[in-house]
Amino acid sequence: MTDTAILHIPEQDKPLNKKQKEFNVLSDTIEALDRQISDLQQAYDEMLRRIPSDLDPLVREYQSYRADIVNLWDRAYEAEHFRKAYQTKLDYLIIENAFDLIKNHGRSELKTVFNKYSPTDIDMLLEEERLRETTRIKDPAFLLESIYDAEPEVSFHELSEEEQQRIKAERREQRMEQRTREAQQAKTTKSVRSVYMELVKTFHPDRETDEAEKQSKTETMQRITKAYQDNNLLGLLKLQMQLEQIDRSGLENLNKNQLSYYNKILRQQVEELGQQKVSIQQKISAVCGLPYQHANSQVTVIAKFNTNINDLKAEIKNIKKLYKHWLVPSQLKAYLKPYQIPDQQEDDSDE
């Protein structure tokens, strides 16, 4: 947490004026934003750490049961229990689910099943999808993602599941490394650089000829550099005020121009930190589905992530029951009878 004790103007014998009140409000706001951004970054990092161990295995298990159901539908299609109307529905369900499982979840073993029911070969469809991806208009954000998601020489969907998981793990690691680099680059805001450069001009020891003064400035520069590396604007301002011999009691005596300068820097930092907050909130939303405006604390974010895991466990439990239920032909028929293929008239004339 940023040390702001010296950056709060005390109200003593007379009420604070408008600029003094603004100084205090801005200082408090920056400290609160610093804490919240740090809290949210920890939540985001925790989710990324837990995805491979806590979430990915559940996703694979769920998709495995979906693949089992596609194979069950395939067997049911050939059975005598199911007439044309039911077969039409099974045909549609097999194609839709098998395509998603092959394209998005690496279940290449379903290609044979898909091709039994689709008039177009699955590899041709996947190639068409790939071409659409490579020819679509790319915005800067998509270009950034494409660094990590470039197509391998061999089609991803033709690889074994073990190889697909290895590639996904490598890509995830690359994304995390890139995010770390971006975070370090974005960490130092314009307002911090502005104050830092002012201090460097005054206290850089290289031009100092007096050895004692050079040693003193070297120690001062170490403190300045540490605050700069920590993106600690309030710490830099505190150092600036200390070095200008403005102590806590002297804050209330800052003249109008000094307060205007400090308030301008503080306002800029509030704006930049606000943008950083929204950025990390949007990243959190992309991972756990929590609306970014609601991602305001580590507790809330991790609670949502845990809810997603528990919901997926419940879905796995339900799909296991469903699979066993549909092993009985009459139960599968009971599901199919009211099922309506999207954008298609219901036709039970064969029944």
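Nothing here was measured: the structure is a model prediction, and the numbers come from that model.

So, how was this worked out
Residues numbered from 1 in each chain as written. Predicted model: local features only at pLDDT ≥ 70, side-chain atom pairs only at ≥ 80, totals over all residues. Heavy atoms only, no water. Helix = DSSP H or I, 4+ residues; strand = E, 2+ residues; numbered from the N terminus. Buried < 20%, exposed > 50% of the residue type's maximum accessible area, 1.4 Å probe, protein only. Contact = heavy atoms within 4.5 Å. Areas by Shrake-Rupley, 256 points an atom, 1.4 Å probe, with all protein chains shown as cover. Phe/Tyr/Trp six-rings, centres within 6.5 Å; stacked < 30°, edge-to-face > 60°. Axes fitted to C-alpha atoms, helices over the stretch in contact; angles between N-to-C directions. Parallel < 35°, antiparallel > 145°, perpendicular 65-115°, else oblique. Left-handed = near helix turned anticlockwise from the far one by under 90°. Nonpolar A, V, L, I, M, F, W, Y, C, P; charged D, E, K, R; others polar. Core = buried A, V, L, I, M, F, W, Y, C linked by side-chain atoms within 4.5 Å. Polar contact = N/O pair within 3.5 Å; in protein donor to acceptor, adjacent residues only side chain to side chain. Salt bridge = Lys/Arg side-chain N within 4 Å of Asp/Glu carboxyl O.

Another aspect to go through is the overall build of the chain. When helices and strands are counted, the chain shows twelve helices and zero strands. Moving toward the C terminus, one meets the helices and strands of the chain in the order α-α-α-α-α-α-α-α-α-α-α-α. The 351 residues of the chain split such that 35% are buried. When contacts within the chain are restricted to residue pairs at least 6 apart in sequence, long-range pairs at least 24 apart make up 70% of them. Carbon together with sulfur atoms contributes 49% to the accessible area of the chain, which is approximately 20,700 Å² in total.

What characterises a pair of aromatic rings is the spacing of the ring centres plus the angle enclosed by the ring planes. Per the stated rule, a full pass over the model turns up five aromatic pairs. Residues Trp73 and Trp326 carry aromatic rings whose centres are separated by 6.0 Å and whose planes lie at 35 degrees to one another, so their mutual orientation is tilted. Of the two residues, Trp73 sits in helix H1 (residues 18–78) while Trp326 sits in helix H11 (residues 298–326), which places them 253 residues apart along the sequence. Like Trp326, Trp73 is buried. Their ring planes at 40 degrees and their centres at 6.0 Å tell us that Phe99 and Phe114 sit as a pair that is tilted. Note that Phe99 is positioned in helix H2 (residues 84–105) and Phe114 in helix H3 (residues 111–117), a separation of 15 residues in sequence. Given the relative accessible area of 1%, Phe114 is considered buried.

A few words on the packing of H2 against helix H4 (residues 122–135). The N-to-C vectors of H2 and H4 enclose an angle of 55 degrees; their axes lie 11 Å apart at closest approach. By the angle between their directions, the pair H2 and H4 is classed as oblique. Both H2 and H4 take part in a crossing whose hand is right-handed. Only Ile122, Leu125, Leu126 and Glu129 of H4 make contact with H2, whose side of the interface consists of Phe99, Ile102 and Lys103. Split by residue class, the contact of H2 with H4 holds five nonpolar, no polar and two charged.

If you look at the biggest cluster of nonpolar residues, it comprises 28 residues, and the most contacted ones within it are Val70, Trp73, Phe82, Leu332 and Leu336. Broken down by secondary-structure element, the contributors of at least two residues to this core are H1, H2, H3, H4, H11 and helix H12 (329–336). Among the elements that line this core, the one with the most residues is H2, at eight residues. Judged by nonpolar contacts, the second largest core, of 23 residues, contains Ile30, Leu33, Leu199 and Leu259.

Right, let's talk about the side chain of Arg66 for a bit. Of note, Arg66 is situated in helix H1. When its relative accessible area of 13% is taken as the criterion, Arg66 is described as buried. Looking at Arg66, its side chain comes within polar contact range of the side chain of Gln63, at 2.8 Å. The residues contacting Arg66, other than those within four sequence positions of it, are Asn97, Asp100, Leu101, His105 and Ile319.

For the rest of this paragraph, the subject is the environment of Ser118. Examined against the element boundaries, Ser118 turns out to sit in the loop between H3 and H4. Taking relative accessible area as the criterion, Ser118 reaches 13% and is therefore assigned buried. Separated by 19 residues in sequence, Ser118 and Phe99 have C-alpha atoms that sit 9.8 Å apart. Apart from residues no more than four positions distant in its own chain, Ser118 is found in contact with Ile95 and Leu125.

Before going further, it helps to examine the environment of Gln293. Position of Gln293 among the secondary structure elements: in the loop between helix H10 (256–288) and H11. Take Gln293: its relative accessible area is 47%, and that puts it in the partly exposed class. Along the chain, Gln293 and Gln281 lie twelve residues apart, while their C-alpha atoms are 7.2 Å from each other.

Attention shifts here to the pattern of salt bridges. For side chains bearing opposite charge, pairing can occur when the charged atoms are close. Enumeration according to the criterion identifies twelve salt bridges in this entry. Its salt-bridge partner being Asp54, residue Arg50 comes within 2.8 Å of it at the nearest N-O pair. In this pair, Arg50 and Asp54 both sit in helix H1, four residues apart, roughly one turn of the helix. The exposure class of Arg50 is buried, given its relative accessible area of 19%. Using a relative accessible area of 29% as the deciding quantity, one classes Asp54 as partly exposed.

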